[in-house]
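Residues per chain are reported as follows:
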Amino acid sequence: MELRHDWTRAEIQNLYQQPFLDLVFQAQQIHRQNFNANQIQVSILLSIKTGKCPEDCKYCSQSARYDSKLEAEKRIAVEKVISEAKEALASGSSRFCMGAAWRNPHERDMPYVLEMVREVKALGLETCMTLGMLNQSQAERLKDAGLDYYNHNLDTSREYYSNIISTRTFDDRLNTLEYVRGAGMKVCSGGIVGLGEDTADRIGLLLELATLPIHPESVPINMLVPIEGTPLADVEKLDVTEWIRTIAVARIIMPKSYIRLSAGRESLSDSDQALAFMAGANSIFSGEKLLTTPNVAQGKDQQLFQKLGLTVEKPKPSIAELTLDAMSVA
Ligand code: SAM
Ligand code: DTB
Ligand code: SF4
């Protein structure tokens, strides 16, 4: 099937607004044409620098502008990151995602993050980072060090964006995605639902993602985790079916991307999660903690996978590893 990059708002709206079961059925059909429907990709997150962020994202526990009661932490030692990455590998995760509460990495931070990427990559894990805005040279150095994915979310529609963040623009975000692509890295980009946005904004976010020149390989769809002290602490909870509709439409319009059921999973029942997988989600963040908030309790994901007969995707060997294997056979 041809990947389309010319989706219109009307087409996406028609997909989004059809009867729920028709939408989920269509998404599952497309999912099966492109993926093993019983396999899930698992990523583990680690915060490498927590809190005191200068940005004003209204949902975030880590912004220095709100009193979220979060305890800030300086950069953590590379050795600590490596021991966490080894645990992630042992628990069956294929990708290790390192996040920092920065507007952008400073040049003085680059040797630190580059060393981390090299060492995590050497363990055989796929590497992912989310460090805020990048310039082209930083993106290239991260790629050269072995970074596979860069996560940088659009968060919401272009129209709703200024209600959520004022310290960087929507176009700043698109520029960072362009630098990441320019450097040859894979893109992880999605957004958050439940920010008080309208259906039109969820459609607008999906439209922006699906009309990028290349679809992001990973599309995290987060549900707001309300954080006390932030401006969105008391926003009305979005019905879970709207989250699942967003996932289903993402699956249909970006059929080859991994769609990740991301933040907010802690509050979902097993059957809601099964429905999200039915709607085409095929990736999750596992582990007891996301960056600063709780995720699912230990062992619960394994139980759920067993109950649903799902298997966990293994990391794909790199070309270099395949070559080495072939040489050892010869
Ligand atoms: N500072 C970097 C940045 O913003 O680009 C990286 C870390 S930031 C925490 C990564 C993403 O996590 C945000 O873009 C947002 O989509 C998501 N996120 C943060 N706080 C959240 C919350 N309370 N609920 C749901 N998603 C959240
Ligand atoms: C993404 O889209 N979601 C993750 C990851 N990318 C970095 C982060 C979720 C953060 C949830 C709130 C917290 O734990 O601070
Ligand atoms: Fe900072 Fe990222 Fe949180 Fe925004 S989402 S306040 S940039 S850590």
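Residues numbered from 1 in each chain as written. Chains lettered and ligands numbered in written order. Predicted model: local features only at pLDDT ≥ 70, side-chain atom pairs only at ≥ 80, totals over all residues. Heavy atoms only, no water.

### Notes on the UniProt feature "binding site: [4Fe-4S] cluster" (unreviewed entry) in the protein chain
Point 1. In this structure's numbering, the residues bearing the UniProt feature "binding site: [4Fe-4S] cluster" (unreviewed entry) are Cys53, Cys57 and Cys60. Filtering the just-named annotated residues for those lining the largest cavity gives Cys53, Cys57 and Cys60.
Point 2. Position of Cys57 relative to the elements: it lies in the loop between strand 1 (39-49) and helix 3 (78-90).
Point 3. Excluding its chain neighbours within four sequence positions, the residues that come into contact with Cys57 are Ser63, Tyr66, Ile164, Ile165 and Arg173.
Point 4. The topology assignment puts Cys60 in the loop between strand 1 and helix 3.
Point 5. Residue contacts for Cys60: discarding those within four places in its chain leaves Tyr66 and Thr230. (UniProt positions renumbered as here; feature names shortened; annotations may be inferred. 1 Å grid on protein atoms, 1.4 Å probe; cavity = no way out; pocket = protein on both sides within 12 Å on 5 of 7 lines; lining within 4 Å. Helix = DSSP H or I, 4+ residues; strand = E, 2+ residues; numbered from the N terminus. Contact = heavy atoms within 4.5 Å.)

### With respect to the UniProt feature "domain: Radical SAM core" (unreviewed entry) in the protein chain
Point 1. Here the UniProt feature "domain: Radical SAM core" (unreviewed entry) sits at residues 38-256.
Point 2. Secondary structure across residues 38-256 divides into 34% helix and 17% strand, with the first and last C-alpha atoms of the span separated by 15 Å.

### Focus on the site of ligand 1
Point 1. In the vicinity of ligand 1 lie 17 residues, with Tyr59, Thr130, Asn153, Asp155 and Val225 positioned nearest.
Point 2. Here Ala100 contributes a backbone N or O atom positioned 3.2 Å from a nitrogen atom of ligand 1.
Point 3. Here a nitrogen atom of ligand 1 sits 2.9 Å away from a polar atom, N or O, in the main chain of Val225.
Point 4. Contact with the protein chains covers 90% of the free accessible surface of ligand 1, which is 560 Å².
Point 5. Judged by the fraction of its atoms near the pocket grid, ligand 1 is located in the largest cavity.
Point 6. A class-by-class count of the residues in the shell around ligand 1 yields ten nonpolar, five polar and two charged. (Near = heavy atom within 4 Å. Polar contact = N/O pair within 3.5 Å; in protein donor to acceptor, adjacent residues only side chain to side chain. Areas by Shrake-Rupley, 256 points an atom, 1.4 Å probe, with all protein chains shown as cover. Sits in = over half its atoms within 2 Å of the grid points. Nonpolar A, V, L, I, M, F, W, Y, C, P; charged D, E, K, R; others polar.)

### Section: empty space enclosed by the protein
Point 1. The tally for this structure, following the rule as stated, stands at two cavities of 30 Å³ or more.
Point 2. In this structure, the largest cavity is lined by 37 residues; those nearest its centre are Tyr59, Cys60, Gln62, Asn153 and Leu291.
Point 3. Those elements that place two or more of their residues in the lining of the largest cavity are strand 1, strand 2 (95-100) and strand 7 (218-223).
Point 4. Here the element with the most residues in the lining of the largest cavity is strand 7; it accounts for three residues.
Point 5. In terms of residue class, the lining of the largest cavity is made up of 19 nonpolar, twelve polar and six charged.
Point 6. Estimates place the volume of the second largest cavity at around 30 Å³. (Points joined across faces, edges and corners; volume = space filled by probe spheres on them.)

### Here's the deal with the packing of aromatic side chains
Point 1. Considering all chains together, one arrives at two aromatic pairs under this definition.
Point 2. Between Phe35 and Tyr258 the ring centres are 4.9 Å apart and the planes differ by 70°, which places this aromatic pair in the edge-to-face class. One end of the pair, Phe35, is in the loop between helix 2 (20-34) and strand 1; the other, Tyr258, is in strand 8 (residues 258-261), and 223 residues separate them in sequence. The pair Phe35 / Tyr258 is uniform in exposure class, with both members buried.
Point 3. Measuring from ring centre to ring centre gives 5.5 Å for Tyr161 and Phe170, while their planes differ by 80°; the resulting arrangement is edge-to-face. For the pair Tyr161 and Phe170, a shared accessibility class is recorded, and that class is buried. (Phe/Tyr/Trp six-rings, centres within 6.5 Å; stacked < 30°, edge-to-face > 60°. Buried < 20%, exposed > 50% of the residue type's maximum accessible area, 1.4 Å probe, protein only.)

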